[in-house]
Amino acid sequence: MAGVPGAGAAGAAPRLQALAAQVTESREQDIPLLLLKLKGILNSASSGCEESKKIKQDIYDYGLTQYCLLVLKQDHSRLRGDWATAAQLAEILSHCCVGLEVKEDPEEFYKKFLPSAIDNLLFLGRRLQARFIRAMKGKDKQDFLRWFQTVIDAICWLFGGHIQLAASVLQNEHFLQLLITDDVETAITMMSVLHNILRVNSSVLLQVGEETLHSVLDELIYKLSSTTNPVIGNAATKLLLVVAKFCKQLVKLLTVRYKGLKRLLSKEWTGKGFDRDLNQLLDLLYLEQSNGKGEMQRQHQAACIIQATWRGFQTRKRLKKLPQAVITLQRSFRAKREQELQHLKKQREDEALKLHMQLQRQRAMRLFHERQLALLEIIPASQVNKYMEEMEGKAALTIQRFWRGYKARKKFHQQRQSLKEYKAAVVIQRAACKFLEKRRRRRPLSPWKDPKALTDEQRVALQQKVDDYIKLHPASQMSEEMSKGLHLQAQEKLAQFLLGSRLDRRAAQRRDALLAQVNTDVELLMNSPGLAEITEKDLDVFVSRSIPVATKARQSHNAMLKRTRWPWWKKLGDEFVEEDVIPDDSLDAELGTLFIGGRKSF
């Protein structure tokens, strides 16, 4: 039947129709095993002939390729046939898509279906790679590795038949995840996929984005720098050599982005069995570096010429401004020298004035002493002491006068700023009051308007709001025990407050007594006669104040004795009074004879 034109396709059509009906009516778990029958149908016709194309077209028209695409994304560990079925379906899907020419709606096939198929196949490859790495038994690892290679071969077959899919494979995120692995077997397999992509489409690296290109090259360089396996090194070196040969523009990227690549290749991978490819790659890199050095030398010369021209322009510009700068510098120097000369002259004048004042002071002191000696010679011996006392009094008065003047001037200077602020505040307040008074006079008096009374509706609405608020916030009810407890707490706090207030009042009275004593001393000092007029009676007032002290001590002692003789029923109200606190009446008796403001109060 296969040898007769159209016989294979005619026999396959009923089978495809029946298979499509079975897939539509079967359960989801049975669909993968049913789709495996497509392999026998595809093998019934020779590849490349019209019968094969017709069978692939019928498979696509019946929607069986879409079923294969959807099944690949499922978790086959829960389906019948396990991952072996998934690998066979991947192979069937790639064979169904290669050689298929869709005439009806080709854009959906080429723009949507084929990229989805690449994405699902790469996703299936990631699952198989992960299970191969996690597998512990030798047989299971070999099975997963075989299925993984089957899926990768299907991917290579698919983008080999459709060249435009090479860029989609490189830009797919699953491809980069498959390439970034430390496993040797799967890494070699993925690098072979990259080699096939470059063989199918040599300019594909220039079509993808810069981020994708850098990610692929970074992974290849990382494999060369992080492993010593010669198989990995050979595969990565061959890939870099293919990249350098097919894409001349990327050689410069390799030399600029990876500056230590030549040293890494020559030092780490020489003599590992692939020296031929390694030497070719190094020759290309060194050739690009020499070309780059020539370009850099030309750029350096151009930069030197630009710098020389700019520096010459700046120098000529400065030379033009040099006379004005010299004049400015001379003017500044002369002004500075004149200022220094004036400062030196002023300093000399100050020193001369200081010396002159010192000489005048010495001359005055000499004249004063000469006058003193002359007076002492004239005055009789009996009057010398009296004369010396008078002179000492006058000297003391002079010293006091100058000292008080100095203190008054110092205090005045300290209060000058506050005085200015006070005067400014007064001026501002006066202006503000005048302004407000003028404004008040200009404003007409508005007639008094009585507030409007509430209407019945407003009164009802307001009452309703009050009732609603009372319902939402009911008053808390307090029991009798809680009331008694609260009353006891209030009584305790009241007692503490009364005790504290009594102590505070006692401290305040003591402060008043101390202030009265200070005022008395001040008034005594202010009203005291001069040193020349003082008598022994006035002197006793300042020497001892035993009379008021003794009076106070006696009164305090009597008050305490009187309190100790009280009966017990008089002390019932004093449970909050400390023992060392004197009662108010005793305190009044005590303060009755103190000097308040310089006068005795009775």
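*Asks:* Could you give me a rundown of the overall build of the protein, with the residues and numbers involved?
*Replies:* Per the secondary structure count, the protein includes 23 helices and two strands. The buried share of the protein, taken over its 602 residues, is 26%. Within the protein, contacts between residues separated by at least 24 positions form 71% of all contacts whose residues are at least 6 apart in sequence.

*Asks:* Any details on the packing of aromatic side chains? Residues and values, ideally.
*Replies:* For any pair of aromatic rings, the description rests on two quantities: the centre-to-centre distance and the angle between the ring planes. Within the structure shown, the criterion is met by three aromatic pairs. A ring pair is formed by Trp310 and Phe313, whose centres lie 5.7 Å apart and whose planes are at 40°; its orientation type is tilted. With Trp310 and Phe313 both in helix α17 (residues 275–378) and three residues apart, the pair spans about one turn of that helix. The class for Phe313 is partly exposed, based on a relative accessible area of 41%.

*Asks:* Quick one: what's the story with the state of the cysteines, residue by residue and with numbers?
*Replies:* Applying the stated criterion across every chain yields a total of zero disulfides. Free cysteine Cys97: the closest other cysteine sulfur is in Cys96, separated by 6.7 Å.

*Asks:* So what about the packing of helix α11 (residues 184–200) against helix α14 (residues 230–246)? Which residues, and what values?
*Replies:* At a minimum axis separation of 10 Å, α11 and α14 run at an interaxial angle of 15°. When the interaxial angle is binned, α11 and α14 end up roughly parallel. The handedness of the crossing between α11 and α14 comes out as left-handed. When α11 is examined against α14, the residues Val184, Ala187, Ile188, Met191, Leu194, His195 and Leu198 are found in contact with a partner set consisting of Val231, Ile232, Ala235, Ala236, Leu239, Val242, Val243 and Phe246. A per-class count over the contact of α11 with α14 returns 14 nonpolar, one polar and no charged.

*Asks:* Can you lay out a positive patch on the surface for me, pointing to particular residues and giving the numbers?
*Replies:* A cluster of basic residues, Arg430, Lys434, Lys438 and Arg442, forms a positive patch at the surface. In this fold, Arg442 is placed in helix α18 (residues 384–442).

*Asks:* Provide a residue-level description of the pattern of salt bridges, including the pertinent values.
*Replies:* Think of it this way: side chains of opposite charge can pair up when their charged atoms draw near. Using the criterion set out here, one finds five salt bridges in the structure. We note a salt bridge from Arg440 to Glu437, for which the minimum N-O separation is 2.6 Å. Placement of the pair is Arg440 and Glu437 together in helix α18, with a separation of three residues, close to one helical turn. One salt bridge in this structure joins Arg441 and Glu437, with 3.3 Å as the shortest N-O distance. Remark: Glu437 and Arg441 occur in helix α18; sequence separation between them is four residues, near one turn of the helix. Among the charged side chains, a network of salt bridges with common partners joins Glu437, Arg440 and Arg441.

*Asks:* So what's going on with the nonpolar core? Residues and values would help.
*Replies:* Judged by nonpolar contacts, the single largest core of 99 residues is most densely connected at Leu35, Leu38, Leu64, Leu158, Leu205, Leu224 and Leu265. Among the elements that take part in this core, helix α8 (residues 138–161) stands out by supplying 11 residues, more than any other. With residues up to four places along the chain from it excluded, the contact list for Leu35 reads Val23, Leu64, Tyr67, Cys68, Val71, Leu89 and Ile92.

*Asks:* Please give an account of a negative patch on the surface that cites residues and values.
*Replies:* On the surface, a cluster of negative charge is made up of Asp61, Glu104, Asp105, Glu107 and Glu108. Mapped onto the secondary structure, Glu107 falls in helix α7 (residues 106–134).

*Asks:* A description of α14 should follow, citing residues and the corresponding values.
*Replies:* Between its terminal C-alpha atoms α14 stretches 24 Å, which fits the 24 Å expected from 17 residues at 1.5 Å a residue. Residues of α14 that are buried include every one of Ile232, Gly233, Ala235, Ala236, Thr237, Leu239, Leu240, Leu241, Val242, Val243 and Ala244, and no others.

*Asks:* Describe a nonpolar patch on the surface, listing the residues and the values that go with them.
*Replies:* A surface patch of nonpolar side chains, about 490 Å² in accessible area, is lined by Leu454, Leu462, Val466, Tyr469 and Ile470. Looking at the element boundaries, Tyr469 is found in helix α19 (residues 456–472). Judged by its relative accessible area of 53%, Tyr469 falls in the exposed class.

*Asks:* Explain the packing of helix α13 (residues 210–226) against helix α15 (residues 249–257) to me, using residue names and the numbers behind them.
*Replies:* As a packed pair, α13 and α15 sit with axes 12 Å apart at the nearest point and diverge in direction by 60°. As for the relative orientation of α13 and α15, their crossing is right-handed in sense. Here α13 contributes Leu213, His214, Leu217 and Asp218 to the contact with α15, which in turn contributes Leu250, Leu253, Leu254 and Arg257. Residues of the contact of α13 with α15, tallied by class, amount to five nonpolar, one polar and two charged.

*Asks:* Provide a residue-level description of α11, including the pertinent values.
*Replies:* Between its first and last C-alpha atoms α11 spans 24 Å; for 17 residues at 1.5 Å apiece the expected length is 24 Å, and the two agree. Among the residues making up α11, those that are buried are Thr186, Ala187, Thr189, Met190, Met191, Val193, Leu194, Ile197 and Leu198.

*Asks:* Which residues make up the confidence of the model for the protein, and what are the values?
*Replies:* Mean pLDDT over the protein stands at 77; residues scoring 70 or higher make up 85%. Counting interchain partners and residues more than four positions distant, the pLDDT-below-50 stretch residues 1–7 has eight contacts. Across residues 584–602 the pLDDT falls below 50, and counting only partners more than four positions away or on other chains, this stretch makes 37 contacts in the model.

Rules of the game
- Residues numbered from 1 in each chain as written.
- Predicted model: local features only at pLDDT ≥ 70, side-chain atom pairs only at ≥ 80, totals over all residues.
- Heavy atoms only, no water.
- Helix = DSSP H or I, 4+ residues; strand = E, 2+ residues; numbered from the N terminus.
- Buried < 20%, exposed > 50% of the residue type's maximum accessible area, 1.4 Å probe, protein only.
- Contact = heavy atoms within 4.5 Å.
- Phe/Tyr/Trp six-rings, centres within 6.5 Å; stacked < 30°, edge-to-face > 60°.
- Disulfide = S-S within 2.5 Å.
- Axes fitted to C-alpha atoms, helices over the stretch in contact; angles between N-to-C directions.
- Parallel < 35°, antiparallel > 145°, perpendicular 65-115°, else oblique.
- Left-handed = near helix turned anticlockwise from the far one by under 90°.
- Nonpolar A, V, L, I, M, F, W, Y, C, P; charged D, E, K, R; others polar.
- Patch = residues over 30% accessible without salt bridge, like charges linked within 9 Å, V, L, I, M, F, W, Y side chains within 5 Å.
- Areas by Shrake-Rupley, 256 points an atom, 1.4 Å probe, with all protein chains shown as cover.
- Salt bridge = Lys/Arg side-chain N within 4 Å of Asp/Glu carboxyl O.
- Lys, Arg positive; Asp, Glu negative; His and termini not counted.
- Charge placed at Lys NZ, Arg CZ, Asp CG, Glu CD.
- Core = buried A, V, L, I, M, F, W, Y, C linked by side-chain atoms within 4.5 Å.
- Expected span 1.5 Å × (residues − 1).
- pLDDT = per-residue confidence, 0-100.

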